[in-house]
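Below are the chains, spelled out letter by letter.
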Amino acid sequence: MGKTFSKPEALSDAHTHYCPGCTHGIAHRLVAEVIDELGIRGRTVGIAPVGCAVMAYNYFSCDFQEAAHGRAPAMATGMKRVRPDLMVFTYQGDGDLASIGMGEIIHAANRGEKFTTIFINNAIYGMTGGQMAPTTMPGQRATTAPMGRDVEKTGMPIRMCELLSSLATPGYVERQTLLKPKYINKAKKAIKKAFEYQEANKCFSFVELVSTCPTNWGMTPQDALKWAEETLLPYYPLGEFKSPE
Ligand SMILES: Cc1ncc(C[n+]2csc(CCOP(=O)(O)OP(=O)(O)O)c2C)c(N)n1
Ligand code: SF4
């Protein structure tokens, strides 16, 4: 009997620690499928964030490094400059990338560093228990905003794709989501494109994936998908924001 479904080689046999309904696992799988399809596992290095994906190095079966909080783009810069033959990607949450590491990502993108960033936007700090992130929606409750995000005091949520695509340096910037199969297919295409631009030595490449955190949103996995589609997608529109072509 033919095999119709299997685990990508670029994923290890480890069971993940992600909560039920969390989309980190889907994002891992898509990245691993792309690594397999491009045949680059032996020369790919991932850089894990601080956040729920901190143990990504256990879940992928390619080389991995762990960066200090928000510093993955700096580590990727060094690695890619010293070994341009490697395929280097960072995998970062919104607290890690858009708050603590905001300076790192803006400057790496503006320098046009030729690595790929996978940005998981779940509108909250997941690992540490649901604090407000720069991406938290107006009125969305967080442990540090128990009455909901007050935009008078904290400003509006930061849209990373819009921000990065405003830089004059050429780059590839796309936002997709993992909320439904139809979106997941598009997310994989974007991830593949990002790796292909890196392989062609074209530009910095950035894929944002609008994701869920049912645990810290205080929702069931089903309600989290619905809430994200109704609330996050109108504010975080999907599509390609910038391409080097
Ligand atoms: C400099 C620094 N600040 C804060 C922390 C604590 N910390 C660890 S994980 C985390 C939240 C990460 O959230 P996010 O990046 O959104 O990823 P998620 O867990 O949601 O996937 C924080 C604040 C830290 N380790 N180092
Ligand atoms: S806390 Fe949120 S982001 Fe972290 S594993 Fe659980 S659902 Fe996923």
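Please read these numbers as outputs of a predicted model, since none were measured by experiment.

Novice: Would you take a moment to explain the overall build of the protein chain for this structure?
Specialist: Looking only at helices and strands, one finds ten helices and seven strands in the protein chain. Taken over the C-alpha trace, the protein chain has a radius of gyration of 17 Å; the compact-globule value for 245 residues is 18 Å, and the two agree within 12%. Judged by the C-alpha coordinates and their principal axes, the protein chain covers about 50 × 50 × 30 Å. Buried residues in the protein chain amount to 52% of all 245 residues. Contacts spanning at least 24 positions in sequence make up 68% of the contacts within the protein chain whose residues lie at least 6 apart. Accessible surface, the protein chain as shown: approximately 10800 Å² in total, 55% of it carbon and sulfur.

Novice: Whenever I open this one, the site of ligand 2 confuses me. Can you help?
Specialist: Close to ligand 2 lie Tyr 18, Cys 19, Cys 22, His 24, Cys 52, Asn 122, Gly 126, Cys 213, Pro 214, Thr 215 and Asn 216, which account for all nearby residues. Top element by residues in the shell around ligand 2 is helix α9 (residues 214-217). It accounts for three residues. Of the residues in the shell around ligand 2, the class split is six nonpolar, five polar and no charged.

Novice: Help me understand the packing of aromatic side chains, please; the structure alone is not making it clear to me.
Specialist: Any pair of aromatic rings gets described here by the distance separating the centres and the angle formed by the planes. Applying the stated criterion to the full structure yields eleven aromatic pairs. Both rings, one in Phe 60 and one in Phe 89, keep their centres 5.9 Å apart while their planes meet at 65°; by these two values the pair is edge-to-face. With Phe 60 in the loop between α2 (56-59) and β2 (63-66) and Phe 89 in strand β3 (residues 87-93), this residue pair connects regions lying 29 residues apart in the sequence. Relative to Phe 204, the ring of Phe 115 has its centre 5.5 Å away and its plane inclined at 85°; by these criteria the two rings are edge-to-face. Residue Phe 115 is located in the loop between α5 (102-111) and β4 (116-121), and its partner Phe 204 is located in strand β6 (residues 204-210); the two are separated by 89 residues in the primary sequence. Both residues of the pair, Phe 115 and Phe 204, belong to the buried class. Members of the aromatic cluster, connected to one another through ring pairs, are Phe 60, Phe 64, Phe 89 and Phe 195. If you follow Arg 159 out to its NZ or CZ, it ends over the ring of Tyr 235, 4.0 Å from the centre.

Cut-off values and rules
Residues numbered from 1 in each chain as written. Chains lettered and ligands numbered in written order. Predicted model: local features only at pLDDT ≥ 70, side-chain atom pairs only at ≥ 80, totals over all residues. Heavy atoms only, no water. Helix = DSSP H or I, 4+ residues; strand = E, 2+ residues; numbered from the N terminus. Rg over C-alpha atoms; globule rule 2.2 N^0.38 Å. Buried < 20%, exposed > 50% of the residue type's maximum accessible area, 1.4 Å probe, protein only. Contact = heavy atoms within 4.5 Å. Areas by Shrake-Rupley, 256 points an atom, 1.4 Å probe, with all protein chains shown as cover. Near = heavy atom within 4 Å. Nonpolar A, V, L, I, M, F, W, Y, C, P; charged D, E, K, R; others polar. Phe/Tyr/Trp six-rings, centres within 6.5 Å; stacked < 30°, edge-to-face > 60°. Lys NZ or Arg CZ within 6 Å of the ring centre and 35° of its normal.

In short, geometric facts, not functional conclusions.
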